Amino acid sequence: MYTANQTRYEKMPYNRCGRSGLKLPSVSLGFWHNFSFLDPFANAEKMCRTAFDLGITHFDLANNYGNPYNGSAEENFGKILDRGLRHYRDEMVISTKAGYDMWDGPYGDFGSRKYLISSLDQSLKRMKLDYVDIFYHHRPDPDTPAEETALALDQIVKSGKALYTGLSNYNSEQMKAILPIIRELKTPFIVNQPSYSMLNRWIEADGLDKLALKEGFGLAVFQPLYQGFLTNRYLNGIPADSRIGKNRTWLKDELDDAMIKRLNGLNDVAKSRGQSLSQMAISWVLNNEAVTTVLIGASSSEQIVENVEAAGKAEFTKEETAAIERLLN
């Protein structure tokens, strides 16, 4: 029987999610990759246990996470919970989402009331849960009225299937359209989940981070390492065995000589801080006061251990900030 490490809360900082009463760990574990039926189950289980022992109490899933995207990550997570972690359910924040293509026909995509409620019912069965802590609409739907999506999320909370609601991939303009409806309904909406990193600062240009502070919701940001750019993997170019090396993508085009020079400069700043590049990238994201938690992906427990070390080092000197800005601009 698994026994959790009782010292897990000692070093992990926990941040209040917006103006809600819910606190999330500075680092959370995302299940986008490496938790599907095609991945080694023993490794997925070990990563979950390692994360929980390090104070990562927030596990972030979605109906389409895993390969194939048929709920495999959720189903595997349910199995992992059964092997000792379910005992600690009340110490966990479990989130899932619906919004991307999930099943055949006209009802398995985007943001209709039909899709959101049906999808959550399926997710709960896969994970063998009575409720999730946060249920997200995964992406804006241009063809469904914001009122319908908001009302569906509100009903989900009132039915007891979720404690809080969130929105993912909504920009500030889209947030301003749906927030008044949410406020009128008094739905416990607490968080937006956007991408954000040193190399992807769109939320700053868009003003989403400022809106979050003004309106009192948190940001749970994903891709803090920018598809692996902000690690030591590409400091000397593109390895032939890397995902980018094997597949010609826009990332391969972006990883040019100028980018490699920029990454090495950032790595020098990280070393001066006593951090790896990936640790500094996570610390930098957490330095934005609008950010509640950083969602990390991982393929090994060792990566989780390394990334969690960044949680308590989110402060930067003026000199460090200036050096980073020179490299990014």
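Residues numbered from 1 in each chain as written. Predicted model: local features only at pLDDT ≥ 70, side-chain atom pairs only at ≥ 80, totals over all residues. Heavy atoms only, no water.

### Some remarks on the packing of aromatic side chains
Line of reasoning, step 1. Following the criterion strictly, the structure yields eleven aromatic pairs and no others.
Line of reasoning, step 2. Ring plane angle 70 degrees and centroid distance 5.1 Å describe the contact between F31 and F77, whose orientation is recorded as edge-to-face. Residue F31 is located in the loop between β3 (27–30) and α1 (41–53), and its partner F77 is located in helix α2 (residues 72–85); the two are separated by 46 residues in the primary sequence.
Line of reasoning, step 3. In textbook terms, an aromatic cluster arises when at least three aromatic residues are bridged by ring pairs, as seen for F31, F35, F59 and F77.
Line of reasoning, step 4. Across from the ring centre of Y136, 5.6 Å away, lies the NZ or CZ of K97, which sits over that ring.
Line of reasoning, step 5. Here K114 stacks its cationic end above the ring of Y107, 5.8 Å away from the centre of that ring. (Phe/Tyr/Trp six-rings, centres within 6.5 Å; stacked < 30°, edge-to-face > 60°. Helix = DSSP H or I, 4+ residues; strand = E, 2+ residues; numbered from the N terminus. Lys NZ or Arg CZ within 6 Å of the ring centre and 35° of its normal.)

### Here we look at the nonpolar core
Line of reasoning, step 1. Within the largest apolar cluster, 93 residues are counted, with the highest numbers of intra-cluster contacts made by F31 and L230.
Line of reasoning, step 2. Among the elements that line this core, the one with the most residues is helix α11 (residues 277–286), at seven residues.
Line of reasoning, step 3. The contact partners of F31, leaving out residues within four places of it in the chain, are C48, F59, D60, L61, Y65, A73 and F77.
Line of reasoning, step 4. V93, I134, A220 and L295 belong to the second-largest nonpolar core, a separate cluster that totals eleven residues. (Core = buried A, V, L, I, M, F, W, Y, C linked by side-chain atoms within 4.5 Å. Buried < 20%, exposed > 50% of the residue type's maximum accessible area, 1.4 Å probe, protein only. Contact = heavy atoms within 4.5 Å.)

### Topic: α1
Line of reasoning, step 1. When the terminal C-alpha atoms of α1 are compared, their 18 Å separation across 13 residues agrees well with the 18 Å that a helix rising 1.5 Å per residue should span.
Line of reasoning, step 2. Three or more residues of α1 are buried, namely A44, E45, M47, C48, T50, A51 and F52.
Line of reasoning, step 3. Buried residues in α1 make contact with β3, β4 (58–60), α2 and α12 (301–308).
Line of reasoning, step 4. Among the residues trailing α1, G55 stands out with phi positive, at a value near 95 degrees. (Expected span 1.5 Å × (residues − 1).)

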